[in-house]
Amino acid sequence: MNNAIFYILVMAFVTYLIRVLPLTLVRKEIKNVYIRSFLHYVPYVTLAVMVFPAILEATASPWSALVGFIIAILFAYRGASLVSVALISCFSVFIVELFLY
Amino acid sequence: MKTNIREWKSGIKNGIPIAMGYFAVSFTFGILAKQAGLNPFEAVFMSMTNLTSAGQFAGLTLIASAAAIVEVALTQLIINSRYFLMSFALSQRIDPNTSIFHRLIMAFGITDEVFGVSVSVSGKLSPYYAYGVMSVAVPGWTLGTLFGIISGNILPPRLTSALSIALFGMLLAVIIPPAKGNKILTGVIVSSMVLSLVFAELPLLQSISSGVKIIILTILIAGIAAVVFPVKEDTYE
């Protein structure tokens, strides 16, 4: 077996293990209110930490990204769908960059 | 059966922005994979089997430097450990009777974005919804890699730049609506972002990898929030 393929398989194995263990081992509904609450807050924290400040480095300029960020927050706040928020933030980045360059 | 198809379709719909964003990111991944000396088959194989951005980018560096296999495994473990928490959270969002077979397939698709759209569905999460998201997100990720490695820089930079924000916009659309009018969630989101910025800027904390940072902040903030503001009833809406 080629060396790179071996590396890739090890990476895939480790990554799948992390993903599969909780979902297959935790098969009951957890009653403990603190664990339930913790899991309730998990998505908000992980996703918020991931978005900011990384979003500012996602595009060609931090300014276009900042505009995209603000527009996305506004539209998400007003209840726009996932798809529209994603598209509108892309579009605003595109427009801002037309002016920047 | 009808509900399953409907769930699958609604998954596809929300998977489309993910697929677009993945295409842009994995296109860049494909270009870098070529520079790291991978052939198109290896790069696509990596994207198909790993389905993770940060882990794969780190993997390229390690493969190019012929790192020890233990180091490769440990790096993936650290970078991707956030999936453990996501998988744990999802275990409480699906029907407890969901078969092991569904659990095994759903687990493969746990990425930041697929997780994001999956936890945001109201009521119990159907595996078919997750499959719908995966059935566009996985091809987006894999094809982006393929095009990136065989074509090099053909996508106009303006387009990749604009598409690169799609995933972030989508994640915001996941966390913000439930926080509307909810002071606790707003506080949780704002403090997460502020602390994330502190971790990124403070010289002492800068050396912490993003994977570790996510885990530390999640355990800290979600842990404190759970103790101070325990949720009595599950209020996923």
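Residues numbered from 1 in each chain as written. Chains lettered and ligands numbered in written order. Predicted model: local features only at pLDDT ≥ 70, side-chain atom pairs only at ≥ 80, totals over all residues.

### Topic: the overall build of chain B
In plain terms, the rule: A run of H or I in DSSP becomes a helix once it reaches four residues, and a run of E becomes a strand once it reaches two; helices and strands are each numbered from the N terminus. The reference for a compact globule is 2.2 Å times residues^0.38; the radius of gyration itself is calculated from the C-alpha atoms. Working definition of burial: number of other C-beta atoms within 10 Å of the residue's own, with buried at 20 or more, exposed at 12 or fewer, and partly exposed in between, all C-beta atoms being placed from the backbone.
Secondary structure summary: chain B contains 13 helices and zero strands in total. The order of α-helices and β-strands along chain B, N terminus first, is α-α-α-α-α-α-α-α-α-α-α-α-α. Rg of the C-alpha trace for chain B: 19 Å, near the compact-globule value of 18 Å for 237 residues, within the 12% margin. If you line up chain B on its principal axes, its C-alpha atoms span 55 × 55 × 40 Å. The 237 residues of chain B split such that 48% are buried.

### Some details on the overall build of chain A
The helix and strand inventory of chain A stands at four helices and zero strands. Moving toward the C terminus, one meets the helices and strands of chain A in the order α-α-α-α. At 20 Å, chain A has a C-alpha radius of gyration far larger than the 13 Å of a compact globule built from 101 residues. Counting only C-alpha atoms and orienting by the principal axes, one finds that chain A spans roughly 50 × 50 × 20 Å.

### Notes on the interface of chain B and chain A
Let me state the cut-off plainly: Residues are scored as being in contact if the C-beta atoms we place from backbone atoms lie within 7 Å. Gly falls in the polar group here, along with every residue not listed as nonpolar (Ala, Val, Leu, Ile, Met, Phe, Trp, Tyr, Cys, Pro) or charged (Asp, Glu, Lys, Arg).
Opposite the 84 residues of chain B that make contact, chain A presents 63 residues. In terms of residues, the side of chain B that touches chain A owes the most to one element, helix α10 (residues 166–179) of chain B, which gives eleven residues. Residue composition of the side of chain B that touches chain A, by class: 55 nonpolar, 20 polar and nine charged.

### Concerning the nonpolar core
Soluble, globular proteins show a tendency: their nonpolar side chains are buried together. The condition is simple: In these notes, a nonpolar core means any group of buried Ala, Val, Leu, Ile, Met, Phe, Trp, Tyr and Cys residues linked to one another through C-beta atoms within 7 Å. Start and end positions for the domains come from either an automated domain assignment or a database one.
Counting residues in each nonpolar core, the largest one holds 101 residues, and the members touching the most others are Val45 of chain A together with Ala137, Met170, Leu171 and Leu172 of chain B. No other element matches the eleven residues that helix α2 (residues 33–51) of chain A contributes to this core. Of the residues that make up this core, three or more belong to each of domain 1 (2–176) and domain 2 (180–237) of chain B. Apart from the residues within four sequence positions on either side, Ala137 of chain B is in contact with Gly15, Ile18, Ala19, Tyr22, Glu113 and Val114 of chain B.

### Some remarks on α2 of chain A
Residues and elements named next belong to chain A. Rule in force here: By definition here, a helix of n residues has an expected span of 1.5 Å times n minus one. Across the chain, bend at a residue is computed as the angle between axes fitted to the seven residues ending at that point and the seven starting from it.
Taking 1.5 Å per residue as the helical rise, α2 with its 19 residues ought to reach 27 Å, and the 28 Å between its terminal C-alpha atoms agrees with that figure. Tyr41 marks where α2 bends most, by close to 35°; the proline Pro43 follows one to four residues later. For α2, the tally of buried residues reaches 15 of 19 residues, placing the bulk of the element in the interior.

### Quick notes on the domain arrangement of chain B
Residue and element names in this part refer to chain B. You can read the domains of chain B as domain 1 (2–176) and domain 2 (180–237). Contacts between the two partners involve ten residues from domain 1 and, on the opposite side, eleven residues from domain 2. Partitioning the side of domain 1 that touches domain 2 into residue classes produces six nonpolar, three polar and one charged.

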